[in-house]
Amino acid sequence: SYFATDNPPFGAVFTFYLKEAPKTRSEARREQEEKLFKEGKPIPQPSEDERRAEAREEKPHRVFTVTDETGQVVRRLTAKAQKGIQRVAWDLRYPPSTPVAGRENFNPLAETRSGMLALPGTYRVSMALRVDGQLRELAGPVEFKADVLGNTSLPAPDRAELVAFQRQASEMARSFLGTRRLAEDMSGRIEAMKRALYATPGASP
């Protein structure tokens, strides 16, 4: 039969090895409970504060920081803290210019959109491990080079000037989108105030 698979990721691919993966409070508690169960010992019940801490705990994850030749951070990538050989790809793009929207719970491993392509040149990447809000450096910085493929029909005479213009346009778009979302939020609050006034018996007409 025909074989099909995903294309390899575009960009700079970082390969790394993690010997051990940290455990969350919930995972550590369950391991301890299994051990006590096998030994025939009583299993203590977690307190309300312990359960609340487990629910609010940020899952351990790796943080990859990409910097340019001047040391400026151009992108941060996150990945699960799994043991073994893993790979993470940077698509050679800057962060998106669109404002953050929505009321979803914070998820450090959620996929993020990308912005415009970064300038070709020399970059560095370092890897850290974030556990329980604490960041610990593990490796790097490692230097790598990003080149232009040269397959553009109408290449820009000055790539730096093109990126500067794209950044300016992205900043304008970000300001516009942020202003529009603020106006929509204020409009929703006004409507909620109207409903609250009409639902309050003692409110003045």
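Everything in this summary refers to the structure shown in the same document. Because the structure is a prediction, the values reported are computed rather than measured.

**Here we look at the sheet that holds strand β5 (residues 121–131)**
Inference 1: Here we have four strands laid out as an open sheet, ordered β3-β2-β5-β6, and antiparallel in their pairing. The outermost strands of the open sheet, each flanked by one partner alone, are β3 (73–80) and β6 (134–146). For this sheet, the mean inter-axis angle between neighbouring strands, taken without regard to orientation, is 20 degrees.
Inference 2: Judged from the seven bridges that link them, strand β2 (residues 61–67) and β3 form a sheet pairing that is antiparallel. What sits directly across from V66, in β3, is R75.

**Quick notes on unusual backbone geometry**
Inference 1: In this structure, L92 is a non-glycine residue whose phi angle is positive, near 60 degrees.
Inference 2: By secondary structure assignment, the location of L92 is in the loop between β4 (84–90) and β5.

**Re helix α1 (residues 25–38)**
Inference 1: Taking 1.5 Å of rise per residue, the 14 residues of α1 would be expected to cover 20 Å, and the 20 Å separating its terminal C-alpha atoms lies within 8% of that figure.
Inference 2: Looking at the residues trailing α1, positive phi occurs at G40, about 75 degrees.

Rules used in this analysis
- Residues numbered from 1 in each chain as written.
- Predicted model: local features only at pLDDT ≥ 70, side-chain atom pairs only at ≥ 80, totals over all residues.
- Heavy atoms only, no water.
- Pairing = 2+ DSSP bridges.
- Helix = DSSP H or I, 4+ residues; strand = E, 2+ residues; numbered from the N terminus.
- Axes fitted to C-alpha atoms, helices over the stretch in contact; angles between N-to-C directions.
- Expected span 1.5 Å × (residues − 1).

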